[in-house]
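Observations on the three-dimensional arrangement
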Amino acid sequence: MTQHGHENEHEGAAPKSPEGTGRVARVVLVDDHRMFRAGVRAEIGGTETTGVDVVGEAGDVDEAVEVITATRPDVVLLDVHLPGGGGVEVLRRSAALTADPERPVRFLALSVSDAAEDVIGVIRGGARGYVTKSITGPDLVSAVFRVGDGDAVFSPRLAGFVLDAFASTDAPPVDEDLDRLTQREREVLRLIARGYAYKEVAKQLFISVKTVESHVSAVLRKLQLSNRHELTRWATARRLV
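Okay, so let's go over this structure. (Residues numbered from 1 in each chain as written. Predicted model: local features only at pLDDT ≥ 70, side-chain atom pairs only at ≥ 80, totals over all residues. Heavy atoms only, no water.)

1. Side note on the overall build of the protein chain
- For the protein chain, the count of helices and strands is 13 helices and 6 strands.
- Evaluated residue by residue, the protein chain yields a buried proportion of 44% over its 241 residues.
- Counting contacts in the protein chain only where the partners sit at least 6 residues apart, residues at least 24 apart contribute 64% of the total.
- Total accessible area computed for the protein chain in this model is approximately 12700 Å², and 52% of it derives from carbon and sulfur atoms. (Helix = DSSP H or I, 4+ residues; strand = E, 2+ residues; numbered from the N terminus. Buried < 20%, exposed > 50% of the residue type's maximum accessible area, 1.4 Å probe, protein only. Contact = heavy atoms within 4.5 Å. Areas by Shrake-Rupley, 256 points an atom, 1.4 Å probe, with all protein chains shown as cover.)

2. Things to note about the pattern of salt bridges
- Within the structure shown, the criterion is met by 11 salt bridges.
- The partner of E57 in a salt bridge is R37, and the shortest N-O contact between them spans 2.8 Å. Remark: R37 occurs in helix 2 (residues 34-44) and E57 occurs in strand 2 (residues 52-58); sequence separation between them is 20 residues.
- Assessed through its relative accessible area of 9%, R37 is described here as buried.
- Its salt-bridge partner being K222, residue E185 comes within 2.8 Å of it at the nearest N-O pair. Taken together, the residues E185 in helix 10 (residues 183-193) and K222 in helix 12 (residues 209-223) connect sequence positions 37 residues apart.
- The partly exposed category is assigned to K222, whose relative accessible area is 24%.
- Residues participating in the shared-partner salt-bridge network are D31, D79 and K133. (Salt bridge = Lys/Arg side-chain N within 4 Å of Asp/Glu carboxyl O.)

3. Some points on the side chain of D74
- By the secondary structure assignment, D74 is in the loop between helix 3 (61-71) and strand 3 (75-78).
- Only 3.3 Å separates the side chain of D74 from the side chain of R103, close enough to count as a polar contact. (Polar contact = N/O pair within 3.5 Å; in protein donor to acceptor, adjacent residues only side chain to side chain.)

4. Things to note about the sheet that holds strand 3
- The strand order across the open sheet built from 6 strands is 2-1-3-4-5-6, with neighbouring strands paired in parallel fashion. Looking at the sheet topology across the chains shown, the edges are occupied by strand 2 and strand 6 (153-154).
- Sheet analysis places strand 5 (residues 129-132) next to strand 6, joined by 2 bridges and oriented parallel. Paired with Y130 across the bridge in strand 6 is F154.
- Here helix 2 sits on the sheet in contact with strand 1 (25-30), strand 2, strand 3 and strand 4 (106-111), set at roughly 170° to strand 2. (Pairing = 2+ DSSP bridges. Axes fitted to C-alpha atoms, helices over the stretch in contact; angles between N-to-C directions.)

5. Considering helix 3
- Among the residues of helix 3, those classed as buried are V61, A64, V65, V67, I68 and T71.
- Taken together, the buried residues of helix 3 touch strand 1, strand 2, strand 3, helix 4 (86-93), helix 5 (95-98) and strand 4.
- Looking at where helix 3 begins, the residue whose side-chain oxygen comes 3.3 Å from the main-chain nitrogen of D62 is D60.
- At the C-terminal side of helix 3, R72 shows a positive phi close to 45°.

6. Section: the packing of helix 2 against helix 7 (residues 137-148)
- Packing of helix 2 against helix 7 brings their axes to within 9 Å, and their N-to-C directions diverge by 85°. In terms of their interaxial angle, helix 2 and helix 7 are classed as roughly perpendicular. Residues V40, E43 and I44 of helix 2 form the contact with helix 7, whose own contacting residues are G137, P138, L140 and V141.
- By residue class, the composition of the contact of helix 2 with helix 7 is 5 nonpolar, 1 polar and 1 charged. (Parallel < 35°, antiparallel > 145°, perpendicular 65-115°, else oblique. Nonpolar A, V, L, I, M, F, W, Y, C, P; charged D, E, K, R; others polar.)

What follows is the structure, given as structure tokens:
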């Protein structure tokens with residue numbers, strides 16, 4: 001408990017590993033499953049044993065942005081799929097903290113998904129790494145400190161997705177049409193293209209049917225499409241479905 005008196009003098013320093021002499025890594029857990037957050041906290045939390053201090057938790061996008069802004073942790077362990085817009089939306093709304101030259105907040109995606117689209121999406125969004133939930137506790141602690149020090153960390157084979165995406169000439173990582181859409185509009189687009197009714201989309205994303213309708217209108221306008229059939233063809237051509 002005496003650490004708080006000394007924390008400010010180390011405010012700008014990067015996290016050191018538990019074996020080092022520097023301060024601990026301050027971490028926020030963002031995942032919509034409370035039991036999973038409790039498990040991660042039990043596994044890696046402990047300034048004396050692991051050097052990780054879990055300073056906050058969140059279960060959706062709004063809560064995550066609020067907690068991250070209030071605590072300004074060294075590392076955020078971020079799930080990709082979250083109510084309210086997903087991990088990419090958290091990254092977008094935390095961009096100023098990520099870019100802070102004095103003390104950047106760094107993000108490490110921790111997800112059950114190993115889909116290339118998810119990996120590439122959060123890395124383009126600003127995350128420093130991506131590990132799957134099969135990772136062991138000690139490896140996760142190591143990943144936290146490495147990301148806190150500015151390294152990029154990936155579970156085996158996931159790094160290949162990112163390298164392929166950014167090196168590929170026939171499939172450039174930037175899609176100007178897709179980039180016109182907000183993260184929420186992309187989520188609505190995917191579900192509509194998969195054949196979901198507006199009511200089902202609303203239930204999936206915890207929003208009203210009216211909000212779904214306005215998002216669909218915005219998507220059609222931005223992509224210059226006329227109806228959901230054209231929208232489905234557009235999404236299928238880009239392998240978004």
